[in-house]
Amino acid sequence: MIGLISATAAGAAARDRLAAAWPGRTRVYDGPAGDALRSAFGECERVVCFLATGAVVRLIAPLLGDKASDPGVVCVDEGGRFAVALVGGHGGGANDLAVEVGEVLGAAPVVTTATDSVGVAGLDTLGVPVEGDVAAVSRALLDGAPVALRTETPWPLPAVPAGAQGSYTVRVTDRAGAPGAGEVFLRPPTLVVGVGASRGAPVEEVLALVEGALREAGLSPRSIARLATVDAKAEEPGIVLAAGRLGVPLVTHPAERLAAVEVPNPSDAPLAAVGTPSVAEAAALVGGGELLVPKRKSAMATCAVVRLPARGRLAVVGLGPGARDLLTPRAKAELRRASVVVGLDQYVDQIRDLLRPGTRVLESGLGAEEERARTAVAEARRGRAVALIGSGDAGVYAMASPALAEAGDDIDVVGVPGVTAALAAGALLGAPLGHDHVSISLSDLHTPWEVIERRVRAAAEADLVVTFYNPRSRGRDWQLPKALGMLAEHRAPTTPVGVVRNASRPDESVRLSTLAALDPATVDMMTVVVVGNSASREVAGRMVTPRGYRWQAGTGEGGR
């Protein structure tokens, strides 16, 4: 919950805008500002104060404990110009909240944490537990001092600007141990602990068994991803409380699913009791992985420990048509989430400044789409966080389809939509896509012309607005005239045609022509051609396709 506190009418107005924008996420605290802030500080995960920073500093000073437990606090000035992340920038989420507040109120976010200021990922923001000499290693990263990265357990972390050698060390490991001076351990959640228990098994016994198994195997309890058991034990108090005390979720599985898992130590006792010859080992192994600790028993409980297989993350990111303000916030976040970026060299150049220091860039030239897709998937299979980039929307004539054709269920795949060329061109032309429409690529490099021709004829006969991608190149100069001719068999010569080159880029050009007047020689591969349907019209220099309502007949009842 986000607490909102204000002391003036101007602050209350901005406060109410946030409350309206985030229904269910916020709580307004009324009354004197000091009392309200003290209440919100103890009850909310994050707080937004529409007060001077000095006043907030004085009010919260007695309340501050440590950055791991304090809420994030953001201050917004009376004029609504700045959203300042005051305390709890990383752990309390104040940095991200300042950005969110700024987006709603039109305020500039002010973030002063050192790592964020220079674009380096904070070690405490990587999404995994961190322990050790965080301050010293973070300072070394900021100063550009040599920091060694030891990845003992693959995990899809964001980029960390570290190398093979250094006086400081970042270790990614689920092994037990204490970091030394100048050393940080990142604890990825790689371990699944399968647990079984007799009815009434005390939580202390379950915890002692689990912790003993991890200790003897040299594994860190901070790398436990989850406890797992059979459905019949979903409400067994000892297991439920053990998961709670370890701070991890409890996952349960049907007995028939566990019975199908091959285990080294099956037993007749659980088969008779819950319908599977193994609970602990099977529950730990149900998602695959390496059995590190076979079944161990105490008087009333059993446990087993499995290390999950390395599972990378592939984000397929659409960069939009080229303009930076048409790159979505989600796309920016995924670029900064990645440790490896794969893409066409000219697209990489568009976003290189957004990448975190230490990001590995794998770029190639035109015509290597399938190679880039294979490279991205291979990097993800090594347990890395990969962003595969493409222009427009990555799923429209771009990198998503070759990548997903290569990717199996052994990696996580995230699709990030982007503004397509058709949408960017349509916005520049007016409203040409106001009714049913279709996009057709005229490139026969991947699709036989016979197939393309059938699709164009079908669109012509169906009276669909048509957007032509890849309309013409030096080696393909006859396809566009042929396609326009097919459309002309079903549409009037005066049908409007929009021609947009390099939509949203500095050298963009927008022309409105007709089916009869368009000269295909003026079109190239950087152009999108939009051909209207029989109802499309030019209105005040803009291309408009009616939605088909009565306003088309001039009744003035449009816009409903």
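All of the points below concern the structure found in this document. Along each chain, the written sequence defines residue order, and numbers are assigned to residues from 1. Only residues with pLDDT of 70 or above have their local features reported here, since the model is predicted, and side-chain atom pairs are shown and tallied only from 80 upward, although totals for entire chains, interfaces and linings are computed over all residues. Excluding hydrogens and water, the side-chain values take into account all heavy atoms of the structure.

With that settled, the discussion passes to the overall build of the protein. Labels follow the DSSP assignment, with helices taken as runs of H or I lasting at least four residues and strands as runs of E lasting at least two, numbered in each case from the N terminus. Helix and strand counts for the protein come out as 18 helices and 28 strands. Its C-alpha atoms put the protein at 85 × 65 × 50 Å along the principal axes. For every residue, the accessible area (1.4 Å probe, protein chains only) is compared with the maximum for its type, and the residue is labelled buried under 20%, exposed over 50%, or partly exposed between those bounds. Counting the 560 residues in the protein, one finds 47% classified as buried. Contact between two residues is taken to exist if any of their heavy atoms lie within 4.5 Å; hydrogens are not considered. For the protein, long-range pairs separated by at least 24 residues make up 64% of all intrachain contacts whose partners lie at least 6 apart in sequence. What sets the accessible areas is the Shrake-Rupley method with a 1.4 Å probe; for residues, cover comes only from the shown protein chains. Of the roughly 25,500 Å² of accessible surface on the protein, 52% is carried by carbon and sulfur atoms. The charge count treats Lys and Arg as positive and Asp and Glu as negative. His and the chain ends do not count. Taken as the charge centre is NZ of Lys, CZ of Arg, CG of Asp or CD of Glu, depending on the residue. Here the protein holds 56 positive side-chain charges and 61 negative ones, and the gap between their average locations is 1 Å.

With that out of the way, let us pick up helix 18 (residues 479-488). One turn of the α-helix equals 3.6 residues, which is why residues spaced by three or four share an orientation. Those residues of helix 18 not exposed but buried are Gln479, Leu480, Ala483, Leu484, Met486 and Leu487. Relative to the axis of helix 18, the buried residues are bounded by an arc of 155° and lie together on one face. Buried residues along helix 18 sit in contact with helix 17 (449-461), strand 23 (465-469) and strand 26 (527-531). When we speak of the arc, we mean the arc of directions from the helix axis to the C-beta atoms.

Oppositely charged side chains may form a pair once their charged atoms are brought near each other. Put simply, a salt bridge is a Lys or Arg side-chain nitrogen that is within 4 Å of an Asp or Glu carboxyl oxygen. One pass over the full model with this rule turns up 30 salt bridges. Arg81 serves as the salt-bridge partner of Asp77, at 3.3 Å between the closest nitrogen and oxygen. Between Arg171 and Glu183 there is a salt bridge whose closest N-O contact spans 4.0 Å. Of this pair, Arg171 sits in strand 9 (residues 168-172) while Glu183 sits in strand 10 (residues 183-186), and the two are twelve residues apart along the sequence. Among the residues examined, Glu183 registers a relative accessible area of 18% and is labelled buried. Bridged by salt links that share partners, the residues Arg360, Glu379, Arg382 and Arg384 form one connected network.

Another point: the packing of helix 7 (residues 203-217) against helix 8 (residues 237-246). The convention used is that axes are lines fitted to C-alpha atoms, helices contributing only their stretch in contact, and that angles between N-to-C directions extend from 0 to 180 degrees. For the pair helix 7 and helix 8, interaxial distance at closest approach is 8 Å and the crossing angle is 55°. In terms of orientation, helix 7 and helix 8 fall into the oblique class. The hand of the helix 7/helix 8 crossing is right-handed. Judged by residue contacts, Val203, Glu204, Val206, Leu207, Val210 and Glu211 of helix 7 engage Gly238, Leu241, Ala242, Arg245 and Leu246 from helix 8. Angle categories are assigned with fixed cut-offs, so that under 35 degrees is roughly parallel, over 145 is roughly antiparallel, 65 to 115 is roughly perpendicular, and the rest are oblique. Should the near helix be turned counterclockwise from the far one by less than a right angle, the crossing is left-handed, whereas a clockwise turn marks it as right-handed.

Once that is clear, we can look at the side chain of Thr545. Residue placement: Thr545 occurs in the segment after strand 28 (542-544). Identification of polar contacts relies on pairs of N or O atoms within 3.5 Å, with a donor-acceptor requirement for protein atoms, meaning one able to donate a hydrogen and the other able to accept it, and with residues adjacent in sequence counted only if both atoms are side-chain atoms. Within polar-contact distance, the side chain of Thr545 engages the backbone oxygen of Pro432 at 2.7 Å. In terms of polar contacts, Thr545 uses its side chain to reach the side chain of Ser536, at 2.7 Å. Among residues more than four places away in sequence, those in contact with Thr545 are Ala431, Pro432, Gly434, His435, Val465, Asn533 and Ser536.

Taken by themselves, the reported measurements are silent on function.
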